[in-house]
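As a plain string of letters, each chain reads:
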Amino acid sequence: AVKMSAPTMEERKACWGARDELWQCLDRHAEDGSKCEELRLAFEARCPQQWVKYFDKRRDFLKYKKKLETEGYHPPEAAGKS
């Protein structure tokens, strides 16, 4: 396995820039990843694998949070009293 050295500031900036471009593209295209494939590849190429996983989870979380804020939280009906 290749030992990941800590990314330099330049590498971090390149990674964050690629992530921001990808996320903006996904926002514009209602999460249609096929429209943002090149940006996705650039993002994966510029960021360490663990970061890619982390940012993907983070985006899902942020989308979920936004959805709650716009639609409100609807607890499942079946949730019994604990």
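A brief look at the structure comes next. Residue numbers here run from 1 along each chain, matching the order of that chain's written sequence. Under the rules for a predicted model, residues below a pLDDT of 70 receive no local features and side-chain atom pairs below 80 are neither given nor counted, while totals for whole chains, interfaces and linings still include all residues. Excluding hydrogens and water, the side-chain values take into account all heavy atoms of the structure.

## Quick notes on the packing of helix 1 (residues 9-28) against helix 3 (residues 49-71)
The axes of two packed helices give the description: the angle between them and the distance between them.
Piece 1. Here the axes come from fitting lines to C-alpha atoms, over the contacting stretch only for helices, and the angles between their N-to-C directions go from 0 to 180 degrees. What counts as a helix is a DSSP run of H or I of at least four residues, what counts as a strand is a run of E of at least two, and both are numbered from the N terminus. Taken N-terminus to C-terminus, the directions of helix 1 and helix 3 make an angle of 35°; their axes are 12 Å apart at the nearest point. Handedness of the helix 1/helix 3 crossing: right-handed. From helix 1, R12, C15, W16, R19, W23, L26 and D27 reach across to helix 3, where they touch W51, F55, R58, R59 and L62. Handedness of a crossing is defined here by the sense of rotation of the near helix relative to the far one, left-handed for an anticlockwise turn of less than a right angle and right-handed for a clockwise turn. Note on definitions: a residue-residue contact is assigned when non-hydrogen atoms from the two residues lie within 4.5 Å.

## Some words on the packing of aromatic side chains
Piece 1. Classification of ring pairs uses Phe, Tyr and Trp, with its six-membered ring standing for Trp, and accepts pairs whose centres are within 6.5 Å; under 30 degrees between planes counts as stacked, over 60 as edge-to-face, and the remaining range as tilted. Going through the model one piece at a time under the given rule, you end up with four aromatic pairs.
Piece 2. Each ring, one from W23 and one from F55, has its centre 6.4 Å from the other, and the planes form 90°; the classification is edge-to-face. Pair noted here: W23 is in helix 1 and F55 is in helix 3, with a separation of 32 residues, a long-range link.
Piece 3. What links up through ring pairs into an aromatic cluster is the set W23, F43, W51, Y54 and F55.
Piece 4. Here, over-ring charges are defined by two tests on the NZ atom of lysine or the CZ atom of arginine: distance to the ring centre within 6 Å, and angle to the ring normal within 35 degrees. Lying over the aromatic face of W23, R19 brings its terminal NZ or CZ to 5.4 Å of the ring centre.
Piece 5. If you follow R19 out to its NZ or CZ, it ends over the ring of F55, 4.6 Å from the centre.

## What about the side chain of R19?
Piece 1. Here R19 shows up in helix 1.
Piece 2. If near-sequence neighbours (up to four positions away) are discounted, R19 is found in contact with F43 and F55.

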